[in-house]
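# Report on the structure
Chain by chain, the residues run as shown.
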Number of protein chains: 2
Amino acid sequence: MASINDNFLKLKAGYLFPEIGRRVAAYAEANPDKASQLIRCGIGDVTEPLPLAVREAMHKAVDELGCRDTFRGYGPEQGYDFLRKAVADNAYAGLDISADDIFVSDGSKCDTGNILDIFGKGNTIAITDPVYPVYVDTNVMIGNTGEADESGRYEGLVYLECNAENNFVPAIPEEKVDIVYLCYPNNPTGASATREQLQAWVDYALKNDTIILYDAAYEAFIQDPDVPKSIYEIEGAKNCALEFRSFSKNGGFTGVRCGYIVIPETVTGTSSTGEKVAIKKLWSRRTSTKFNGASYPVQRGAEAVYSEEGKKQVQELITHYMGNAKLLREACTEIGLKVFGGENAPYVWVACPEGVTSWDMFDKMLEEANVVITPGSGFGAAGEGYFRISAFNSRANVEEVCRRLKTHLA
Amino acid sequence: MASINDNFLKLKAGYLFPEIGRRVAAYAEANPDKASQLIRCGIGDVTEPLPLAVREAMHKAVDELGCRDTFRGYGPEQGYDFLRKAVADNAYAGLDISADDIFVSDGSKCDTGNILDIFGKGNTIAITDPVYPVYVDTNVMIGNTGEADESGRYEGLVYLECNAENNFVPAIPEEKVDIVYLCYPNNPTGASATREQLQAWVDYALKNDTIILYDAAYEAFIQDPDVPKSIYEIEGAKNCALEFRSFSKNGGFTGVRCGYIVIPETVTGTSSTGEKVAIKKLWSRRTSTKFNGASYPVQRGAEAVYSEEGKKQVQELITHYMGNAKLLREACTEIGLKVFGGENAPYVWVACPEGVTSWDMFDKMLEEANVVITPGSGFGAAGEGYFRISAFNSRANVEEVCRRLKTHLA
C-alpha cells in the first residue's frame, strides 16, 4: 500500500492563480457579451513580443540541432558555460561572482521550490506577509509546516509582516530564523529595499547563521540608481545568501522558460554532525541527479539577452512596462486610492477603499470594470485590504484600464 | 543555523556518468594524440539531427512569440492541450488514456525524480538491479533509504535481481512492496518484457496495492509486435501504474527537453488516515506549485513528432539506431562475447570475458580500443561482469567500433 505525502492535504484549496482563473471563467461564461472586454492585469505575465535578438538566437540554435556536426544532445545539467559566463560577466559584473556560481534552470518558480530539497528538517523558516505563494506552498508540501489556521497562516512558519508603515520591508526579527525568503523588487507589493535595509538583513544572517533566499526576479525594473539590484552588492552577502533570477520578466521568457540561481562557494549549511557543507555542492549534486539542463535553444536565447542588440531590446521592454506602471499609479492616485510600488517594479499595490476586502475588490473590478486584478489577501493575511495591478500589458490595454478605473471607482 | 539534508551525504561519490566523464577526460589529457579517435558509446545520448518536422514547428513557435497577437506567456503547468491531446491520440490510441491523464514536463529524468515528492515516508520501494541510477539516488536524497553497503546497495531498498537466467526481467517478489520501478525496454540491459511478465507484475500490484512506476522511455525501439509498448496494454494497469515517457530518444530531444507522465484517475495512494487519494490530483497540484510548464516552442516541437512527416522522420531515426544495434550485436557475438538486448532497445548488454570486471573492461576499451562504454557495475551490483554499448551514434562510428572490437577484443 503506497502512502502519499500527507503534507499535500494541508494545502489550501487553490493556488491563488487557479482560483482567479476559476472566477474569471465563471464570470465570462455567465456574461458572454463581456468576455471579450476583459482585461487581465492579474497574473504577472508579460505580453510583449520576445526580443528579436532572442528569437534569432533560438532560430540559429534550432538550425544547429538539424545538422549532425552541430547537433547537441544532453548538455551540462548546471547549464552551458556560454550562458553561465554571460550571466556572470553581465548580470554580476564587478561583484566577484564566477560562471561556476551560476546554476541555470527552466525558471525561478522551479528553483525556489526545488531548493528546499537540499535543506534538512526542523529549520525555522521565515517568509514575508504578503508573499509569493510558491514559497509557502512548497514548504507545506515538503513538511516544514503544520496545519493552516483560519487566516491561512501555517503553523511553524515565521511571518514577517510587511505594511505601509515599514514600506513593505520587514523589520529584522527578534527571534533567530534559519532560512528567510526575501524578494526585492517585491512581488506582490512592488516595494524595493534600500541598501541599508538589505545590509541589516545580511548582518542579521551572518550573526545568526541564517541563509537568505533572495529572489531578484524583478531586478531589471529598478529605476533608482541607489536601489541595489543584487544582494551581492551588500557586504557579507556572499557568506549567507543565494540569489534567484529569471529571464521571464526582463526578456519576456514566461513561456520560453529560463532562470538561474547564484550560489557562492562560501554559503554553507550544517549537517547533523555539525559539519559545514557548501550549499553549492549540494545543489550541484541535486541538479546532476534530478535535472538534465534547460533546453539548448532556450539557453542560446537567454545568452542573447546580453548581446548588444538584446540589451537594447530588453531595455525597451522595461521602459514599456514601467511606462504602464506610471499610468496605473497616476490613475489610482487620481481617483483617491492610496498607491504603493510601481516605481522600481512592474506591480502597483493599491489599498482598497475603507472597509472593502481584497476579494470584494476583485469581484467589483471583474464585474463592473471587467478588469482582472489580484486580491492582496491571496498573498497572505497581511495583504488583506490591498490589491495588485500588474503593469504587464499593452499600452492600449493599460490606458483602457485607467479609463475604467476612473469610470467605475472614482 | 540552516541544517542541510543529511541524506545527500549518503550518496556515493559520483553519479555514474560524471565518473565516466572524469576517466575519459583524464585519458584524453594524458594521451592528446588519441583524443580525436575516441568514440563515445557510453552515455545513452542521441547523435542524429533533430527531425525536420520538429525544427519547423519550433521555428514557427519562435516566430509566434515575436508577434503580440500570437505571443504566449505562461502556459498551463500540466502542458498545452494541443500536446496532451496529440500524445493521448497517438501514443495511447485505443488504450482509453485521455489528454487529461498526460502531464507534460521537461524530461523523464526530472519526472522520475520529482514523482517522489507526492509519496509518503516509510514506503517499501523496489528497484531492479542493474538499474537507471536516478531511481536510486533520488530515493536516497529524499530519505527513503539508509546508508550504502560496500557493494553500493542502500539499506531499505528492495533490489530485484535481473540476470541472464531471468532474461533481465525480475521475478515477482515474495514480499510486499509499496512502489516498484520497472523500465522496459530496459536501460541498461536492453531487455524487453513480455505481455505475460508484465501481467504478472500488474496482478501482483493489484493484489498488494503496489504502485508501478513504469518507465517506457525506450518504447519506440520495440521491433517485435508481441512486445507491449505501454503498461496500459496490460489488463488492470490503469488501477496501479504510472507511465513515464520521453521525446528524448525517439525524437532526439535530449538537448531540447520534453517528456511526460501518464497518470490515470484510478491510481490511488493512501493517506495516513486510510483515505484513498488520487495520485493524479497530487501530481497536478505539485505541478501547479513547483513547475511552470515546458517551453512553448519545445511543446510545439514535441507535437510535431506526431505529424505525418514527424512520424516518418522519427521512424527513420529508430531504423538508423536499431541498425547500429544489430551491427554491435553481431560484432560482439563474432568475437565470442555473450550478448543481450539490442533487439527491442538501443542498448547492447555484453558479458565481460570470464574474470574481467566491468570497470576493467571500461578501462581496456578506453585505452586499447579508444571506445567509451558504460561499465555494468555502474548500474548496480548485479551489473558487475557486464558492459553496455549504446547504439546512439553515427553509422560510420558504429562500423569503426565494430572493427576495433574485432581488433582489440578478439
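Predicted, not measured: the structure shown is a model, and the values here were computed from it. (Residues numbered from 1 in each chain as written. Chains lettered and ligands numbered in written order. Predicted model: local features only at pLDDT ≥ 70, side-chain atom pairs only at ≥ 80, totals over all residues. Heavy atoms only, no water.)

Moving on: the overall build of chain A. The helix and strand inventory of chain A stands at eleven helices and 15 strands. Over its C-alpha trace chain A gives a radius of gyration of 21 Å, about what one expects of a compact globule, namely 22 Å for 410 residues. With the principal axes as the frame, chain A shows a C-alpha extent of 60 × 55 × 55 Å. Looking at chain A as a whole, 64% of its 410 residues are labelled buried. In chain A, the share of contacts with a sequence separation of at least 24, taken over all contacts with a separation of at least 6, comes to 73%. Of the accessible surface of chain A, which amounts to about 14600 Å², a share of 48% is contributed by carbon and sulfur atoms. (Helix = DSSP H or I, 4+ residues; strand = E, 2+ residues; numbered from the N terminus. Rg over C-alpha atoms; globule rule 2.2 N^0.38 Å. Buried < 20%, exposed > 50% of the residue type's maximum accessible area, 1.4 Å probe, protein only. Contact = heavy atoms within 4.5 Å. Areas by Shrake-Rupley, 256 points an atom, 1.4 Å probe, with all protein chains shown as cover.)

This next bit is on the pattern of salt bridges. All names here are of chain B. Under the criterion given, the structure shown has 58 salt bridges over all chains. Put simply, Glu-219 and Arg-245 hold a salt bridge, and the shortest N to O gap is 3.5 Å. In this pair, Glu-219 is assigned in the loop between strand S6 (211–215) and strand S7 (241–246) and Arg-245 in strand S7, connecting sequence segments 26 residues apart. Grouping residues by exposure puts Glu-219 and Arg-245 together as buried. (Salt bridge = Lys/Arg side-chain N within 4 Å of Asp/Glu carboxyl O.)

It is worth spelling out the packing of helix H2 (residues 52–64) of chain B against helix H8 (residues 296–304) of chain B at this point. Residue and element names in this part refer to chain B. Contact geometry of H2 with H8 gives a least axis separation of 8 Å together with a crossing angle of 145°. Classified by chirality, the crossing of H8 by H2 is right-handed. Here H2 contributes Ala-53, Val-54, Ala-57, Met-58, Ala-61, Val-62 and Glu-64 to the contact with H8, which in turn contributes Tyr-296, Pro-297, Val-298, Arg-300, Gly-301 and Ala-304. Looking at the contact of H2 with H8 residue by residue, the class counts come to ten nonpolar, one polar and two charged. (Axes fitted to C-alpha atoms, helices over the stretch in contact; angles between N-to-C directions. Left-handed = near helix turned anticlockwise from the far one by under 90°. Nonpolar A, V, L, I, M, F, W, Y, C, P; charged D, E, K, R; others polar.)

Our next topic: helix H9 (residues 308–334) of chain A. For an α-helix, the turn length of 3.6 residues means that residues three or four places apart are oriented alike. Between the first and last C-alpha of H9(A) there are 39 Å, a value that for 27 residues agrees with the 39 Å anticipated at 1.5 Å per step. Backbone geometry just downstream of H9(A) places Gly336(A) in the positive-phi region, at approximately 90°. (Expected span 1.5 Å × (residues − 1).)

The subject of this paragraph is the interface of chain B and chain A. Listed per partner, the contact involves 84 residues of chain B and 84 residues of chain A. Interface area, chain B with chain A, both sides summed: about 6900 Å², of which 57% is carbon and sulfur. Linking chain B with chain A are six salt bridges. Linking chain B with chain A are 55 residue pairs in polar contact (both at pLDDT 80 or more). Of all elements in the fold, only H2, helix H4 (108–114), helix H5 (133–141), strand S9 (268–270), helix H7 (279–290) and H8 of chain B reach the threshold of two or more residues within the side of chain B that touches chain A. Partitioning the side of chain B that touches chain A into residue classes produces 34 nonpolar, 27 polar and 23 charged. (Buried area = accessible area lost by both parts, 1.4 Å probe. Polar contact = N/O pair within 3.5 Å; in protein donor to acceptor, adjacent residues only side chain to side chain.)

Its rotation angle being 180°, the transformation that places chain B on chain A also includes 0.0 Å of axial translation and leaves an RMSD of 0.0 Å. As the rotation angle and translation indicate, the two copies are arranged about a two-fold axis. For chain B, the smallest separation between a C-alpha atom and the rotation axis is recorded for His59(B), amounting to 3.0 Å. When the interface residues of chain B are mapped onto chain A, 100% of them are again interface residues, pointing to one common binding face. (Least-squares fit on C-alpha atoms with pLDDT ≥ 70 in both.)

Another point: the state of the cysteines. This structure, assessed with the given rule, holds zero disulfides over all chains. Summary of cysteine pairing: Cys183(A) is not part of a disulfide, and the nearest cysteine sulfur, belonging to Cys162(A), is at 10 Å. (Disulfide = S-S within 2.5 Å.)

Right, let's get into the sheet that holds strand S15 (residues 386–390) of chain A. Residue and element names in this part refer to chain A. Ordered in space as S11-S12-S15-S14, the four strands form an open sheet in which the pairing is antiparallel. Where the open sheet ends on each side, the last strands, each with one partner, are strand S11 (339–341) and strand S14 (374–375). Of the pairings in the sheet, the one linking S11 to strand S12 (residues 347–351) comprises three bridges and is antiparallel in character. Within the sheet, the bridge partner assigned to Val-339 lies in S12 and is Val-350. (Pairing = 2+ DSSP bridges.)

The interhelical angle for the contact between helix H5 (residues 133–141) of chain A and H7(B), taken along N-to-C directions, is 140°, at an axis separation of 9 Å. Crossing handedness for the pair H5(A) and H7(B): left-handed. On H7(B), the residues touching Val134(A), Asp137(A), Thr138(A) and Met141(A) of H5(A) are Arg285(B), Arg286(B), Thr289(B) and Lys290(B). Residues belonging to the contact of H5(A) with H7(B) are distributed by class as follows: two nonpolar, two polar and four charged.

This part covers the environment of Lys290(B). Along the chain, the position of Lys290(B) falls in helix H7. In the structure, Lys290(B) is positioned 213 residues away from Glu77(B) in sequence and 8.9 Å away in space, judged by C-alpha atoms. Contact partners of Lys290(B), with chain neighbours within four places excluded, come to Lys109(A), Cys110(A), Gly113(A), Asn114(A), Asp117(A), Thr138(A), Met141(A) and Asp117(B). A distance of 3.0 Å separates a polar atom in the side chain of Lys290(B) from a polar atom in the side chain of Asp117(B).

Attention shifts here to the domain arrangement of chain A. All names here are of chain A. On domain assignment, one finds that chain A holds domain 1 (12–49 + 309–409) and domain 2 (54–307). On a C-alpha basis, the centres of domain 1 and domain 2 stand 25 Å from each other. Each partner contributes to the interface: domain 1 provides 32 residues, whereas domain 2 provides 43 residues. Taking both partners together, domain 1 and domain 2 bury about 2800 Å²; carbon and sulfur atoms supply 61% of that area. Where domain 1 touches domain 2, the interface holds zero salt bridges. (Domains from an automatic or database assignment.)

The subject of this paragraph is the UniProt feature "domain: Aminotransferase class I/classII large" (unreviewed entry) in chain A. As recorded in UniProt, the sites labelled "domain: Aminotransferase class I/classII large" (unreviewed entry) are residues 42–405 of chain A. As annotated, residues 42–405 of chain A has a helix share of 34% and a strand share of 16%, and its two end C-alpha atoms lie 15 Å apart. (UniProt positions renumbered as here; feature names shortened; annotations may be inferred.)

Moving on: the environment of Gln199(B). Residues and elements named next belong to chain B. Mapped onto the secondary structure, Gln-199 falls in helix H6 (residues 195–208). The partly exposed category is assigned to Gln-199, whose relative accessible area is 22%. Distance from Gln-199 to Glu-233, taken between C-alpha atoms, is 9.3 Å for residues 34 residues apart in sequence. In this structure, Gln-199 is in contact with Ile-234 and Glu-235, ignoring residues within four places of it in sequence.

Before going further, it helps to examine the pairing of S15(A). Residues and elements named next belong to chain A. Among the five residues of S15, five are classified as buried, and the element is accordingly described as predominantly covered. Burial along S15 is two-sided: the face carrying Tyr-386, Arg-388 and Ser-390 and the face carrying Phe-387 and Ile-389 are both buried. Bridge count between S12 and S15: five bridges; the pairing is antiparallel. Within the sheet, the bridge partner assigned to Val-350 lies in S15 and is Phe-387.

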